[in-house]
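Each chain is listed here by its residues.
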Amino acid sequence: MTIGLLVIPVTRPAVGGEKLDSAAAALVESFTLRAENARQEGAEARLRGAKDAFMPTVAVLADAPLSSRIRYSPEIAPTVVGLDVTPRAAPYQLGLVADLPLFDGFRRLNTLRAADAQTDAGRALVAGKRQQVLLDAAIAVLSVMRDTQILQFRDAQCAAIGRILDATERQLAVGDATRTDAALARSRLQAAEAERERARSDLAASRATVVRLTGMDPERVAPPRLPGTLPRTPEAYEALVRTNNPGLIAARLGVQSDAARADAVTADLLPSVNLQVSRISQFGYSAALD
């Protein structure tokens with residue numbers, strides 16, 4: 001379902017000078033991935049709610065009147081002839097109501113389909129975000145390796161130009177070189193030193209990026225490696241992307257979810273049928289009749 005462009009090997013926990021896995025560290029430190037996971041949890045909850053709509057609902061009813069201690073005088077009892085069936089107080093009620101929707105214009109079915117497609121689309125988005133986090137971490141580690149090599153080359157370049165400058169100044173002292181030659185060598189050394197400072201600042205920025213993404217120093221991170229299963233032709237790579245790219249998968253599933261939600265709206269034009277079963281009992285209806 002997903003495509004990995006760069007793979008960071010999983011290593012054991014660090015013991016001594018052993019390197020750590022930057023992939024797991026980057027996934028833990030990524031705030032955007034945490035937000036994506038929280039959004040996906042909400043989509044999963046909506047899917048569970050769409051499934052619960054097919055289940056019956058059961059309600060328990062209980063009604064008890066409030067008794068008052070206020071008495072009025074004179075209290076005159078009513079005249080009773082025969083059986084007293086006159087309600088003289090609010091009765092106590094206790095009941096059970098079960099409700100099962102039988103037909104609602106396919107609203108629940110289409111809502112379930114929409115939630116299911118939206119959940120699958122969210123899973124694809126989470127996979128894509130995980131890939132992006134891993135790719136950013138791998139690029140950051142590779143940038144540190146690249147900038148370290150560049151800084152070493154700049155140091156070697158400055159040392160070589162410095163030796164040329166020393167030789168030119170010795171030649172100038174004995175008259176084998178001109179002042180222009182010495183000035184030109186000196187300017188080249190200054191330019192090389194400026195490039196070295198730039199390389200040093202680039203390395204510091206790359207190291208800061210690795211620390212920000214993984215929470216670890218670059219020396220503790222295992223270097224990434226390229227997978228050995230990449231497509232050999234552009235056409236094969238294009239077909240693989242069209243089929244397995246998380247963004248494209250999420251887009252296709254999003255269209256299906258929107259279509260299902262549109263079908264659910266048509267339920268407003270159709271009748272609905274519910275099955276309801278209730279059982280309610282009343283107590284304390286009157287002095288003689290219960």
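Provided above is the structure to which this section pertains.
The paragraphs below set out a description of the structure included in this document.

So, how was this worked out
Per chain, the residues get numbers from 1 upward, laid out in the order the sequence is written. Where totals are concerned, whole chains, interfaces and linings use all residues; where local detail is concerned, this predicted model gives features only for residues with pLDDT of at least 70, and gives and counts side-chain atom pairs only at 80 or more. Processing note: side-chain calculations cover all non-hydrogen atoms of the structure and skip hydrogens and water entirely. Counting from the N terminus, the helices are DSSP H or I runs at least four residues long and the strands are E runs at least two residues long. Using a 1.4 Å probe on the protein chains alone, a residue whose accessible area is under 20% of its type maximum counts as buried, one over 50% counts as exposed, and one in between counts as partly exposed. Two residues qualify as a contact provided that any one of their heavy atoms is within 4.5 Å of a heavy atom in the partner residue. For the area figures, the Shrake-Rupley method with a 1.4 Å probe applies, and any residue is considered shielded solely by the protein chains shown. Buried Ala, Val, Leu, Ile, Met, Phe, Trp, Tyr and Cys residues form a nonpolar core when they are joined through side-chain atoms within 4.5 Å. The aromatic pairing rule takes the rings of Phe, Tyr and Trp, using the six-membered ring of Trp, and pairs them if the centres are within 6.5 Å, calling planes under 30 degrees apart stacked, those over 60 edge-to-face and the rest tilted. Placement of a charge over a ring requires the Lys NZ or Arg CZ to be within 6 Å of the ring centre, with the centre-to-atom vector within 35 degrees of the ring normal. Two strands are said to pair when DSSP picks up at least two bridges between them. Angular values range over 0 to 180 degrees, each being the angle between N-to-C directions of two axes fitted as lines to C-alpha atoms, with helices fitted over their stretch in contact. Whenever Lys or Arg places a side-chain nitrogen within 4 Å of a carboxyl oxygen from Asp or Glu, that contact is recorded as a salt bridge. Here a polar contact is taken to be a pair of N or O atoms separated by no more than 3.5 Å, where protein atoms must pair a possible hydrogen donor with a possible acceptor and residues adjacent in sequence count only if both atoms sit in side chains. Working definition: roughly parallel below 35 degrees, roughly antiparallel above 145 degrees, roughly perpendicular at 65 to 115 degrees, and oblique for all remaining angles. Crossing handedness: left-handed means the near helix sits turned counterclockwise from the far one by under a right angle, and right-handed means the same turn made clockwise. As a working rule, the residues Ala, Val, Leu, Ile, Met, Phe, Trp, Tyr, Cys and Pro are called nonpolar, Asp, Glu, Lys and Arg charged, and the rest polar, with Gly in that last group. Grid points spaced at 1 Å and placed over the protein atoms alone form the basis of the search, with a cavity being a set where a 1.4 Å probe fits but cannot get out and a pocket an open set showing protein on both sides within 12 Å along at least five of seven lines. Lining residues have an atom within 4 Å of a point. Grid points are joined across faces, edges and corners, and a volume is the space filled by probe spheres set on the points.

## Section: the overall build of the chain
Now for step 1: Within the chain one finds six helices and three strands.
Now for step 2: Listed N to C, the secondary structure of the chain is α-α-β-β-α-α-α-α-β in terms of helices and strands.
Now for step 3: Going through the 290 residues of the chain one by one, you find that 26% of them count as buried.
Now for step 4: A separation of at least 24 residues holds for 84% of the contacts in the chain among residues at least 6 apart in sequence.
Now for step 5: Just so you have it, the chain exposes about 19,400 Å², and 59% of that area is on carbon and sulfur atoms.

## Let's talk about unusual backbone geometry
Now for step 1: In the Ramachandran plot, phenylalanine 106 falls in the positive-phi region, its phi being about 65° despite a non-glycine side chain.
Now for step 2: Looking at the secondary structure, you find phenylalanine 106 in the loop between β2 (92-103) and α3 (107-174).

## Considering the nonpolar core
Now for step 1: Residues Ala25, Ala140, Val141, Val144, Leu151, Ala199, Leu203, Val210, Leu213, Met216 and Val221 constitute the largest nonpolar core, which totals 11 residues.
Now for step 2: Counting only elements with at least two residues in this core, the list comes to α3 and α4 (179-214).
Now for step 3: When sequence neighbours within four positions are dropped, the list of residues in contact with valine 144 reads Leu203, Ser206, Arg207, Val210 and Pro218.

## Points about the packing of aromatic side chains
Now for step 1: One pass over the structure, following the stated rule, counts one aromatic pair.
Now for step 2: Measuring from centroid to centroid gives 5.3 Å for phenylalanine 103 and phenylalanine 106, while their planes differ by 85°, and the two rings are edge-to-face.
Now for step 3: On the basis of relative accessibility, which here comes to 46%, the residue phenylalanine 106 falls in the partly exposed class.
Now for step 4: Residue placement shows arginine 34 over the ring face of phenylalanine 31; its charged tip is 4.7 Å from the ring centre.

## Focus on the sheet that holds strand β3 (residues 273-283)
Now for step 1: One open sheet holds the three strands; their spatial order is β1-β2-β3, and the pairing between them is antiparallel. Across the chains shown, the open sheet's two edge strands, defined by having one partner strand only, are β1 (57-63) and β3. Geometrically, the sheet is characterised by an average inter-axis angle of 15° between neighbouring strands, direction not taken into account.

## Description of the pattern of salt bridges
Now for step 1: The final tally for this structure, using the stated rule, is 13 salt bridges.
Now for step 2: Between aspartate 268 and arginine 107 there is a salt bridge, and its shortest N-O distance comes to 2.2 Å. Of the two residues, aspartate 268 sits in the loop between α6 (246-265) and β3 while arginine 107 sits in helix α3, which places them 161 residues apart along the sequence.
Now for step 3: Overall, the relative accessible area of 54% leaves aspartate 268 in the exposed class.
Now for step 4: Assessed through its relative accessible area of 32%, arginine 107 is described here as partly exposed.
Now for step 5: A cluster of three or more residues bridged by salt bridges with shared partners is formed by Glu44, Asp120 and Arg123.

## A closer look at the side chain of arginine 108
Now for step 1: Turning to its location among the elements, arginine 108 is positioned in helix α3.
Now for step 2: Within the structure, the side chain of arginine 108 is placed 3.3 Å from the backbone oxygen of proline 101, a separation counted as a polar contact.

## Some words on the environment of serine 201
Now for step 1: Within the secondary structure, serine 201 sits in helix α4.
Now for step 2: Classification of serine 201 by relative accessible area gives partly exposed; the value is 41%.
Now for step 3: Serine 201 sits 54 residues away from aspartate 147 along the chain, and the two C-alpha atoms are 9.3 Å apart.

## Details of the packing of α3 against α6
Now for step 1: In the contact formed by α3 and α6, the axes pass within 8 Å of each other and the chain directions differ by 165°. Classified by the angle between their axes, α3 and α6 sit roughly antiparallel to one another. Between α3 and α6 lies a crossing whose hand is left-handed.
Now for step 2: Classifying every residue of the contact of α3 with α6 gives 12 nonpolar, eight polar and five charged.

## Concerning the layout of surface pockets
Now for step 1: Quantified by volume, the second largest pocket comes out at close to 190 Å³.
Now for step 2: In this structure, the second largest pocket is lined by Ala26, Glu29, Ser30, Phe31, Thr32, Lys129, Gln132, Val133, Asp136, Arg212 and Leu213.
Now for step 3: Elements that contribute at least two residues to the lining of the second largest pocket include exactly α1 (22-29), α2 (31-52), α3 and α4.
Now for step 4: Counting residues per element, the lining of the second largest pocket draws most heavily on α3, which supplies four residues.
Now for step 5: Looking at side-chain class alone, the lining of the second largest pocket contains four nonpolar, three polar and four charged residues.

Any functional reading would require information beyond the geometric quantities listed.
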